[in-house]
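# Structure assessment
Listed below are the residues making up each chain.
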Amino acid sequence: ANNDFTGTLALTGGAVQVRDVNTVTLAGATTSGPLSVTAATGLTVTGAVNTGNTSDSTLSTTSGNLVLNAPVGNTTGTTTLNALGATSQISQLNTGVVSAGALNVTTGGSFADLSFANNAVSKLGASDLGTTGNLFLLNTGPLTVTGTVKAANITLNTSGPLAINGALTAQAAASSLVQLTTTGA
């Protein structure tokens, strides 16, 4: 069921799921199982979110922005970031590092800018930002695209090897851009 509270959450436990109809500030979460937090009008992460060594985490908004101001994920689990409103955005500060064995990103047609921190993502999985959303990802270490990534423009920058085993689809106008940069082998 949907919760109806406003304010700041700090979560601890096994598997944790929270759905709220308001704007939520997540002041941190430590779980030994999967974590799922959905906020209707916005979600800001201000404390570290760690789901153990292998558990998955999903952070979502249905109409507001998703802002990462603190580390999220773990090195082997799947991290899913969703901002599903038509103008909802995903952004991060340099302290909002995403660590993930696999990362999936979805917006309702706006951007996901994950270029302000040295993220540690091993695989970029299925991601859909529509025909108007742009995906920017700055990564440290090897990165393998394993799923179909759709966006108006796609920019992937990694310091390790980059392998494209999935599809990269820039699906806007003729001026769409797929930009791939690696400083690794």
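Going by the structure above, here's the rest.
For the structure given in this document, a descriptive report is provided here. This is a predicted model, so every value here is computed, not measured.

Looking only at helices and strands, the protein has zero helices and 21 strands in total. Principal-axis analysis of the C-alpha atoms places the extent of the protein at approximately 45 × 35 × 25 Å. Taking all 185 residues of the protein together, the buried fraction comes to 45%. Of the contacts made within the protein by residues no fewer than 6 positions apart, 21% connect residues no fewer than 24 positions apart.

L11, L26, L59, L68, L81 and L103 are the most contacted members of the largest nonpolar core, which has 38 residues in total. Residues within four places of L68 in sequence aside, it is in contact with V45, L59, L81, S91, Q92, L93, G96, V98 and L114.

So, on to the side chain of S127. Note on placement: S127 falls in strand β14 (residues 127–128). With residues up to four places along the chain from it excluded, the contact list for S127 reads L103, N104, V105, T148, V149 and K150.

So, about the environment of F136. Position of F136 relative to the elements: it lies in strand β15 (residues 134–139). Given the relative accessible area of 28%, F136 is considered partly exposed. Separated by 17 residues in the primary sequence, F136 and N153 place their C-alpha atoms 8.4 Å from one another. Sequence-distant contacts of F136, that is, excluding residues within four places in its chain, are made with A112, D113, L114, S115 and T155.

Moving on, we come to the environment of T95. Along the chain, T95 turns up in the loop between β11 (90–92) and β12 (98–107). The exposure class of T95 is partly exposed, given its relative accessible area of 41%. Placed 27 residues apart in sequence, T95 and L68 show a C-alpha to C-alpha distance of 7.9 Å.

Cut-off values and rules
- Residues numbered from 1 in each chain as written.
- Predicted model: local features only at pLDDT ≥ 70, side-chain atom pairs only at ≥ 80, totals over all residues.
- Heavy atoms only, no water.
- Helix = DSSP H or I, 4+ residues; strand = E, 2+ residues; numbered from the N terminus.
- Buried < 20%, exposed > 50% of the residue type's maximum accessible area, 1.4 Å probe, protein only.
- Contact = heavy atoms within 4.5 Å.
- Core = buried A, V, L, I, M, F, W, Y, C linked by side-chain atoms within 4.5 Å.

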